[in-house]
Amino acid sequence: MSADVRPSSADDELQKLFGARLDALHASTAGSDPAPALVRALELRAFLALTEEQVARVRDRVHADTAPQRDMGELSADKLRGDAQWLQAALDARDGYRAALAELLRTMPAPAASRPVRITQHRAVTTLPPTATPAATRTGSTATPGR
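Quick caveat: nothing in here was measured; it's all calculated off a predicted structure. (Residues numbered from 1 in each chain as written. Predicted model: local features only at pLDDT ≥ 70, side-chain atom pairs only at ≥ 80, totals over all residues. Heavy atoms only, no water.)

## Some points on the overall build of the protein
Here is step 1: Looking only at helices and strands, the protein has five helices and zero strands in total.
Here is step 2: Expressed as a percentage of its 147 residues, the buried residues of the protein come to 22%.
Here is step 3: The contacts of the protein with a sequence gap of at least 6 include a subset with a gap of at least 24, amounting to 69%.
Here is step 4: Counting every atom, the protein has about 11000 Å² of accessible surface; 56% of that belongs to carbon and sulfur. (Helix = DSSP H or I, 4+ residues; strand = E, 2+ residues; numbered from the N terminus. Buried < 20%, exposed > 50% of the residue type's maximum accessible area, 1.4 Å probe, protein only. Contact = heavy atoms within 4.5 Å. Areas by Shrake-Rupley, 256 points an atom, 1.4 Å probe, with all protein chains shown as cover.)

Below is the structure:
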């Protein structure tokens, strides 16, 4: 299953923030000039979805191995220690992706202003006549310098 269609814990928040369903958000990034914040958010969301799936797999495996109906002779402390290490690694990754996504969403521009508008302003350059002094021009005074 592609990470684009796997559910993640961030899906509802992303859909609310960007005002569209995930499939529409993914489609909008296929255009010629997608919003960089959206591209990054969807990439982090995909990593988060994969990691959350890993957490669920290890959790389910531990639950199955420790189910009440299982023969206690099949329990292995080594196997459970290995699963605990896998679970810790997956939880650390999940927490990292969630924190990165939260930081991105916190610092990105508002969705309506996600594309900066470039305004080019041309300034007319005025030159002073060679006889005018800058002080006289600023104050409108005809006083001579040094007095």
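## Observations concerning the packing of helix α3 (residues 36-65) against helix α4 (residues 77-107)
Here is step 1: Interaxial distance between α3 and α4 falls to 9 Å at its minimum, and their mutual angle equals 160 degrees. Put simply, α3 runs roughly antiparallel to α4. The two elements α3 and α4 cross, and the hand of that crossing is left-handed. (Axes fitted to C-alpha atoms, helices over the stretch in contact; angles between N-to-C directions. Parallel < 35°, antiparallel > 145°, perpendicular 65-115°, else oblique. Left-handed = near helix turned anticlockwise from the far one by under 90°.)

## What about helix α1 (residues 11-18)?
Here is step 1: Of the positions making up α1, those classed as buried are D11, L14 and F18. All buried residues of α1 fall inside an arc of 65 degrees around its axis, so they share one side. Exposed side chains of α1 directed beyond 90 degrees from the buried face belong to D12 and K16.
Here is step 2: Summarising the contacts, the buried residues of α1 are in contact with α2 (22-28), α3 and α4.
Here is step 3: Following α1 by one or two positions, G19 adopts a phi angle in the positive range, close to 70 degrees. (Arc of directions from axis to C-beta.)

## Some points on the confidence of the model for the protein
Here is step 1: Here the protein averages 81 in pLDDT, and 71% of its residues register 70 or above.
Here is step 2: When pLDDT is averaged over each helix and strand of the protein, the minimum, 50, is found for helix α5 (residues 134-139) and the maximum, 96, for α4.
Here is step 3: Ignoring residues within four places in sequence, the model shows residues 113-128, a span with pLDDT below 50, making six contacts including any to other chains. (pLDDT = per-residue confidence, 0-100.)

## Structural notes on the packing of aromatic side chains
Here is step 1: Throughout the structure, instances matching the rule amount to one aromatic pair.
Here is step 2: When the ring of F47 is compared with that of Y97, the centres are 5.4 Å apart and the planes differ by 35 degrees; the resulting orientation is tilted. Pair noted here: F47 is in helix α3 and Y97 is in helix α4, with a separation of 50 residues, a long-range link. (Phe/Tyr/Trp six-rings, centres within 6.5 Å; stacked < 30°, edge-to-face > 60°.)

## Some points on the nonpolar core
Here is step 1: Core analysis: the largest hydrophobic core is formed by 16 residues, its most contacted members being L14, F18, L25, L38, A41, L101 and L105.
Here is step 2: Of the residues forming this core, the biggest block, six residues, is contributed by α3.
Here is step 3: Excluding residues within four positions of it along the chain, A41 makes contact with L14, F18, L101, L104 and L105. (Core = buried A, V, L, I, M, F, W, Y, C linked by side-chain atoms within 4.5 Å.)

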